[in-house]
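# Topology and contacts: notes
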Amino acid sequence: MGSTPEGRGSSARDRDSEGRARNARPRDGLGRPLPYDAQGVDRQPEGLVRTPPETVAEAQTLLDAGKPFHAHEVFEDAWKSGPHEERTLWRGLAQLAVGLTHAARGNTTGGSRLLRRGAGAIEEWAAHTGRKRPHDLDLPGLARWARTLADDLEHGVTVDAGARAPGLRGA
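In this text the structure is predicted, and so the values were computed from the model without any measurement.

The final tally for this structure, using the stated rule, is one aromatic pair. In this arrangement the basic side chain of Arg 25 is found over the ring face of Tyr 36, its NZ or CZ atom lying 5.9 Å from the centre.

With 36 residues, the main nonpolar core has Trp 90 and Leu 93 as its most contacted residues. Mapped by element, the contributors of at least two residues to this core are α1 (52-64), α2 (68-81), α3 (87-105), α4 (108-129) and α5 (139-154). Among all residues touching Trp 90, those that are not within four sequence positions of it are Pro 52, Thr 55, Val 56, Phe 75, Ala 78, Trp 79, His 135 and Leu 137.

Now for the pattern of salt bridges. Counted according to the given criterion, the structure contains 10 salt bridges. The partner of Arg 147 in a salt bridge is Glu 123, and the shortest N-O contact between them spans 2.8 Å. Remark: Glu 123 occurs in helix α4 and Arg 147 occurs in helix α5; sequence separation between them is 24 residues. Of the residues examined, Arg 147 reaches a relative accessible area of 29% and is grouped as partly exposed. Salt-bridge contacts for Asp 136 lead to Arg 169; the nearest nitrogen and oxygen are separated by 3.7 Å. Remark: Arg 169 occurs in the segment after α5 and Asp 136 occurs in the loop between α4 and α5; sequence separation between them is 33 residues.

Among the structural elements, Gln 95 can be located in helix α3. Judged by relative accessible area, Gln 95 falls into the buried class, the value being 16%. Once residues lying within four places of it in the same chain are set aside, the contact partners of Gln 95 are Leu 114, Arg 117, Gly 118 and Ala 121.

A separate point is the packing of α3 against α5. Running from N to C, α3 and α5 point in directions that differ by 30 degrees, and their axes come no closer than 11 Å. Judged on the interaxial angle alone, α5 and α3 are roughly parallel. For the pair α3 and α5, the crossing hand works out as left-handed. Of α5, the residues touching α3 (which contributes Leu 89, Leu 93, Leu 96, Leu 100 and Ala 103) are Leu 139, Leu 142, Trp 145, Ala 146, Leu 149 and Leu 153. Taken together, the residues of the contact of α3 with α5 sort by class into 11 nonpolar, no polar and no charged.

About the criteria used
Residues numbered from 1 in each chain as written. Predicted model: local features only at pLDDT ≥ 70, side-chain atom pairs only at ≥ 80, totals over all residues. Heavy atoms only, no water. Phe/Tyr/Trp six-rings, centres within 6.5 Å; stacked < 30°, edge-to-face > 60°. Lys NZ or Arg CZ within 6 Å of the ring centre and 35° of its normal. Core = buried A, V, L, I, M, F, W, Y, C linked by side-chain atoms within 4.5 Å. Buried < 20%, exposed > 50% of the residue type's maximum accessible area, 1.4 Å probe, protein only. Helix = DSSP H or I, 4+ residues; strand = E, 2+ residues; numbered from the N terminus. Contact = heavy atoms within 4.5 Å. Salt bridge = Lys/Arg side-chain N within 4 Å of Asp/Glu carboxyl O. Axes fitted to C-alpha atoms, helices over the stretch in contact; angles between N-to-C directions. Parallel < 35°, antiparallel > 145°, perpendicular 65-115°, else oblique. Left-handed = near helix turned anticlockwise from the far one by under 90°. Nonpolar A, V, L, I, M, F, W, Y, C, P; charged D, E, K, R; others polar.

Written out as structure tokens, the structure is:
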């Protein structure tokens, strides 16, 4: 059995203070695990409850910095802690961020599928609620962005996450 730099057996699991499994390996800007002794980027704290404007602002900052994986975690917190009637909205936005993550990692099939799924989710939510700009989010523009990026992926375009980051509130 191998061991980590800290001497743990490679089958040992990282745990948080409550005993839940948590991978403590450092991550790169796209959320990929790095060796334990590598320098990674700071992780997003999990389980934070933010207001919708705080969520949108934090996610936009991360997207602009080329960190869609981290933006997905911010949207995931909103999806899990927000009002039940907005869960589909935040889940769809998280799917868009994960789609961009996969696209930037070179997983064109997974990226395209998630981008299209996220676009469909936010469009369905907007149609069901009649809200096209909840929390000042440009849902029609985000759906167009996602489908355009998915089309580009399907035509072999290489994606830089920061350069292709969407404007959550519009252009």
